Amino acid sequence: MNGEDPQERPDFIRAIISGLERYNPEAAGTLEAYLTQQCEEKFCDCNANRALLKLYQLNPDRIKDEVITNILVKAMTQFPSPQFDLSLHLLSPSQSNPGPNSSSELTEAVSKLRALNAQLEGAEYARFWATLDSDDLYADLTTDIAGFEDMIRVRIAQLVGQSYREIQFAVLESWLGLNNAEATTQFITETCGWKVEGDLVQIPKNAENEARKAEIREDVNVDMFARVIKRSWEESA
Amino acid sequence: MSAFQQAQAPARAIDPDSDVEEEALVNDYKEQVQYEEDDAESTQLSLAAQTDDIQSRLAAAAQPLDYSAGLEVKFSSYDSYCSLFHFILNSEGPVDLEPPSYYWAWDVIDEFIYQFNSFSSYRARIARQGNNEEEITMLRENPNTWGCYSVLNVLYSLIQKSQITEQLAAMKRNEDPAAVAGEYGSKNLYKMLGYFSIIGLLRVHTLLGDFSLALKTLDDIELNKKAMFARVMAAHFTTYYYVGFSYMMMRRYADAIRMFSHILVYVSRTKNFQKNAQYDSITKKNDQMYALIAICVAFQPTRLDDTIHTALREKYGDQLLKLQRGGPEALPIYEELFRTACPKFISPVPPNFDEPEANIDPIEHHLSVFMDEVKTNMFNPTIKSYLRLYTTMDLKKLAGFLEVKPEELRGWLMVNKQRTKQLRWTDGGLLEGELVNVSDLDYALQGDLIHISEAKVGRKLVDWYLRNLSRTYA
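You'll find chain B entered in an unreviewed UniProt entry as Eukaryotic translation initiation factor 3 subunit L, with Neurospora tetraspora given as the organism. What UniProt records for chain B under Sequence similarities (unreviewed entry) is the sentence "Belongs to the eIF-3 subunit L family." Taken from UniProt, the Subunit (unreviewed entry) comment for chain B reads in full: "Component of the eukaryotic translation initiation factor 3 (eIF-3) complex."

You'll find chain A entered in an unreviewed UniProt entry as Eukaryotic translation initiation factor 3 subunit K, with Sordaria macrospora given as the organism. As its UniProt record puts it under Subcellular location (unreviewed entry), chain A is described as follows: "Cytoplasm".

**Side note on the overall build of chain A**
Broken down by element type, chain A carries 13 helices and four strands. For chain A, the spread of C-alpha atoms along the three principal axes comes to 80 × 60 × 40 Å. By the burial criterion, 49% of the 237 residues in chain A qualify as buried. Pairs at least 24 residues apart make up 64% of the contacts formed inside chain A by residues separated by at least 6 positions. Carbon and sulfur atoms form 48% of the exposed surface of chain A, whose accessible area is close to 11200 Å². Distance between charge centres in chain A, computed from 23 positive and 39 negative side chains, equals 8 Å.

**Notes on the interface of chain A and chain B**
A common measure of how large an interface is: the accessible area buried when the components associate. On the side of chain B, 63 residues touch chain A, which itself brings 61 residues to the contact. Summed over both partners, the interface of chain A with chain B comes to about 5600 Å²; 58% of that surface belongs to carbon and sulfur atoms. The interface formed by chain A and chain B holds six salt bridges in total. A salt bridge links Lys54 of chain A to Asp210 of chain B, with the shortest nitrogen-to-oxygen separation between them at 3.3 Å.

**Some remarks on the UniProt feature "transmembrane region" (unreviewed entry) in chain B**
All names here are of chain B. According to UniProt, the "transmembrane region" (unreviewed entry) feature falls on residues 192-208 and 228-250. Here residues 192-208 runs as 94% helix and 0% strand, with 24 Å between its end C-alpha atoms. Spanning residues 228-250, this segment combines 74% helix with 0% strand, and its end C-alpha atoms are found 26 Å apart.

**Describing unusual backbone geometry**
Residue Pro80 of chain A is bonded to the preceding Phe79 of chain A through a cis peptide linkage, with omega at -15°. Looking at the secondary structure, you find Pro80 of chain A in the loop between helix H4 (65-76) and helix H5 (83-89). Phi is positive for Ala123 of chain A, which is not a glycine, with a value near 55°. With respect to the secondary-structure elements, Ala123 of chain A resides in the loop between helix H7 (105-121) and helix H8 (125-134). We note that Asn174 of chain B has phi near 60°; this positive angle belongs to a residue other than glycine. On the secondary structure map, Asn174 of chain B appears in the loop between helix H9 (164-172) and helix H10 (178-185). Judged by relative accessible area, which is 73%, Asn174 of chain B ranks as exposed.

**Here we look at the domain arrangement of chain A**
Residues and elements named next belong to chain A. Per the domain assignment, the segments of chain A are domain 1 (1-146) and domain 2 (148-211). Between domain 1 and domain 2, the C-alpha centre-to-centre distance is 28 Å. Listed per partner, the contact involves 18 residues of domain 1 and 13 residues of domain 2. Of the roughly 1400 Å² buried between domain 1 and domain 2, counting both surfaces, carbon and sulfur atoms make up 75%. Where domain 1 touches domain 2, the interface holds zero salt bridges. Taken together, the connections running from domain 1 to domain 2 amount to four residue pairs in polar contact (both at pLDDT 80 or more). At the level of elements, H4 and H8 are the ones that each hand at least two residues to the side of domain 1 that touches domain 2. Examining the composition of the side of domain 1 that touches domain 2, we find that six residues originate from one element, H8, more than from any other.

**Thoughts on the environment of Gly327 of chain B**
All names here are of chain B. For Gly327, the location among the structural elements is in the loop between helix H16 (306-325) and helix H17 (331-341). Linking Gly327 and Asp66, residues 261 residues apart in sequence, is a C-alpha distance of 44 Å. Residues within four places of Gly327 in sequence aside, it is in contact with Met378 and Phe379.

Procedures and definitions
Residues numbered from 1 in each chain as written. Chains lettered and ligands numbered in written order. Predicted model: local features only at pLDDT ≥ 70, side-chain atom pairs only at ≥ 80, totals over all residues. Heavy atoms only, no water. UniProt positions renumbered as here; feature names shortened; annotations may be inferred. Helix = DSSP H or I, 4+ residues; strand = E, 2+ residues; numbered from the N terminus. Buried < 20%, exposed > 50% of the residue type's maximum accessible area, 1.4 Å probe, protein only. Contact = heavy atoms within 4.5 Å. Areas by Shrake-Rupley, 256 points an atom, 1.4 Å probe, with all protein chains shown as cover. Lys, Arg positive; Asp, Glu negative; His and termini not counted. Charge placed at Lys NZ, Arg CZ, Asp CG, Glu CD. Buried area = accessible area lost by both parts, 1.4 Å probe. Salt bridge = Lys/Arg side-chain N within 4 Å of Asp/Glu carboxyl O. Domains from an automatic or database assignment. Polar contact = N/O pair within 3.5 Å; in protein donor to acceptor, adjacent residues only side chain to side chain.

Rendered as structure tokens:
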């Protein structure tokens, strides 16, 4: 799973999340600092972040709203993956479902992020960029995460590369959310290494975008018949 | 039983008419019905008075609580578990006791968690209803009774004391577990309690919505027929239910189906030997697992074992059909099946008694997160059913058939393509897995032209052959 156990994870974090220390409320501080490091250094350790959410789940008095939203935004950058949902499951029901009279700032932020994540998971990339621009709250929510937009963009490009051999420039431009042809061309040629030909973008062949024919055959080996053979041996003996 | 008799005998010899026996009975009775804020000291006292009949307390700990038991009984049941586990864990050196039966340890842990689960649900319900002042006051004053930290503490302590993780690791390496078992772990009582506490943790983590941690706790247990839990049917069954459910929540549908299929086939094969109360309790979970299999198969079409396929069609035929058709009409079916088949999720902290409406049932929370994923995928069946018919297809033309905008269809195609890759377990811990292509349908786009290829599945004959062969023998 993307962003589950990154190489960057230091030993002292590993010690916390794999032992009983993960239940110690005092560990929250360390995990929070680690989250800040992830946000600044552009890597993602959802496993450790879930340990932090778990501490919040057990000790609601320790909750820091901006930590929760940062964890969610980090998890979102791993799309498509269950990471965002796995984090949501650890929030308290009242934090993630706006009730009739419980519209705290956190609830509102969480439901905004959920909508945003649903667009990424649903591959509605053009709509994602439009939503992101539609409200200043999104800028606030993603401000701590260095390179948020770039990470999303690179991820979208990867996914396009897995499905397309050739894509209309206009479509890709709207999906990358750069809002200008020049920047889009630059991103496509320099970051992705693809070729722009007229109004089409050529994507080199890879294992995913070929759609090769395959035949699934059954592997048969002697072990599968072991019981039958044994039985026939015993009965004839 | 012998320990019980030995302890009784000298008491009688000293003074047959003493009040000791009656006193013990009274104490016992007190503990069952009386609610008192036991501090550690009084627990110790009542414990001392009862060491002679520890065997009957061991047996009592495995007994289910009466369904209609009131709040006081629930409180005192918690106290007796605390004092029992305190006795087992904190006596000087290991307690010298044999478990009453090979399934006793499972029953104790099972009942302990069941009571924790139902207490938490009950407390949340009282808070939501907000009209039973008496019970609200009582619950408010005792926030730590059946507290999540104490339950986790018991389970982790039993695991640590018994060195069960070390023992299981040794077994995996084909070494003698006794060499690493230590003073406590070499005793059957500790070993069994430790072992089933691991499965207990799997369950508690799932109930709290921590699905990956749930699977992580089983790292040391190998899921196969030789596993210790397989000897106790209920344990076997429960383990697969929770593992399968956690896999499903992690979007690992192939693995979830593998878990549910394994245990459902096993149950259907042993059905005839199990006509007792234990089997009745299994029937309900059995149906729940069929509901979950229906959900998983809808996410990821899979050829099921024949027995399971037939039973699934019998139990949830209509629902399965609607799930497999997809689209918005399938959403209420997903909700219905999820609700009937999910564990009774709980919140680890006391509810908000001051604002009854602020307490949302955790089931609703987990359901709504799950439904996000369902909604993302709801057009996959539609897409697949069309793509199967062609080898190349124009995107705009297909959008016309489906009556959607081309941009919308582009999204659906991307989603469906992305979901064909799934982590699937091959070896090692339950969380391990390889990213594999789980669909027989693959496609790639060249501009608006969709190139489609369908993997040909050769006939699978081994199963058929074996089944018929065994029939000729029978």
